[in-house]
Amino acid sequence: MLVLLASIFVVHIATVIMLFVSTIANVWMVLNNGTGSVGLWKNCTSTAGCSDSLSYSGEDALKAVQAFMILSIIFSVISLVVFVFQLFTMEKGNRFFLSGATMLLCWLCILVGASIYTHHYADGPQSHQGYSFILTWICFCFSFIIGILYLVLRKK
């Protein structure tokens, strides 16, 4: 049981780190010729560096993606803190419901944010998905698995 809890804790920390990286990095879409990339915050090219001006920065869809990705980070960190708190204060035999619920809220925020980005921006003919976009979907899978495991597990 200790090994299972430790492994879930490590995967949870890895998920939080990957969420930070995928939200902060500006490599959600990469141009096919490799000369630039676009993220949630900046537009980067190999010749001019990164600029704060995105061509679609005023769109509500991008602002929604930014908000949901930030919310997913917040819920993931809250879930991690609640898990550690429950691990040391909860009575034996109880389930980690609060940790699981907040992690599933993180999962839902990732789902909504990544889906909005996929629908609005990920179909460019001159570009393909970057590592931030792929990390986001990996975090989506990990957060769902962790959330379900928290709901199922009992403290022994």
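Residues numbered from 1 in each chain as written. Predicted model: local features only at pLDDT ≥ 70, side-chain atom pairs only at ≥ 80, totals over all residues. Heavy atoms only, no water.

Focus on the overall build of the protein
Helix and strand content of the protein: 4 helices and 5 strands. Dimensions of the protein, computed from the C-alpha atoms along their principal axes, are close to 60 × 30 × 25 Å. Taken across its 156 residues, the protein has 41% of its residues classed as buried. Put simply, 70% of the contacts in the protein that link residues at least 6 apart link residues at least 24 apart. Surface accessibility of the protein: about 8,200 Å² in total, with carbon and sulfur atoms responsible for 72%. (Helix = DSSP H or I, 4+ residues; strand = E, 2+ residues; numbered from the N terminus. Buried < 20%, exposed > 50% of the residue type's maximum accessible area, 1.4 Å probe, protein only. Contact = heavy atoms within 4.5 Å. Areas by Shrake-Rupley, 256 points an atom, 1.4 Å probe, with all protein chains shown as cover.)

A word on the nonpolar core
If you look at the biggest cluster of nonpolar residues, it comprises 28 residues, and the most contacted ones within it are Leu19, Leu40, Phe96, Tyr117 and Tyr150. Contributions of two or more residues to this core are made by helix H1 (2–24), helix H2 (60–89), helix H3 (97–121) and helix H4 (131–152). (Core = buried A, V, L, I, M, F, W, Y, C linked by side-chain atoms within 4.5 Å.)

Some remarks on the packing of H1 against H4
Where H1 contacts H4, the axes come no closer than 9 Å and their chain directions differ by 150°. Between H1 and H4, the angle is such that the two are roughly antiparallel. Seen along the crossing, H1 lies across H4 with a hand that is left-handed. Packed against H1, whose contacting residues are Ile8, Val11, His12, Thr15, Met18, Leu19, Val21 and Ser22, the element H4 presents Tyr131, Ser132, Leu135, Thr136, Ile138, Cys139, Phe142, Ile146, Leu149 and Tyr150 at the interface. Broken down by class, the residue content of the contact of H1 with H4 amounts to 13 nonpolar, 5 polar and no charged. (Axes fitted to C-alpha atoms, helices over the stretch in contact; angles between N-to-C directions. Parallel < 35°, antiparallel > 145°, perpendicular 65-115°, else oblique. Left-handed = near helix turned anticlockwise from the far one by under 90°. Nonpolar A, V, L, I, M, F, W, Y, C, P; charged D, E, K, R; others polar.)

A few points about H1
Structurally, the α-helix is built with 3.6 residues per turn, so residues lying three or four positions apart point the same way. Under the 1.5 Å per step criterion, the end-to-end length of H1 is 33 Å for 23 residues, consistent within 8% with the ideal 33 Å. Along H1, the residues classified as buried are Leu5, Ile8, His12, Thr15, Val16, Met18, Leu19, Ser22 and Thr23. Contact partners of the buried residues in H1: H2, H3 and H4. (Expected span 1.5 Å × (residues − 1).)

Topic: the packing of H3 against H4
H4 packs onto H3 with a crossing angle of 155° between their chain directions and a minimal axis gap of 8 Å. Between H3 and H4, the angle falls in the class roughly antiparallel. The crossing of H3 and H4 is left-handed. Looking at the contact of H3 with H4, its residues break down into 19 nonpolar, 7 polar and no charged.

Brief notes about the packing of aromatic side chains
For the coordinates displayed, the defined rule picks out 10 aromatic pairs. With a centroid separation of 6.4 Å and 50° between ring planes, the pair formed by Phe96 and Tyr150 is classed as tilted. Here the residue Phe96 occupies a position in the loop between H2 and H3, and Tyr150 occupies one in helix H4, the gap between them amounting to 54 residues. Put simply, the rings of Phe9, Phe83, Phe96 and Tyr150 touch in pairs and so form one group of aromatic residues. (Phe/Tyr/Trp six-rings, centres within 6.5 Å; stacked < 30°, edge-to-face > 60°.)

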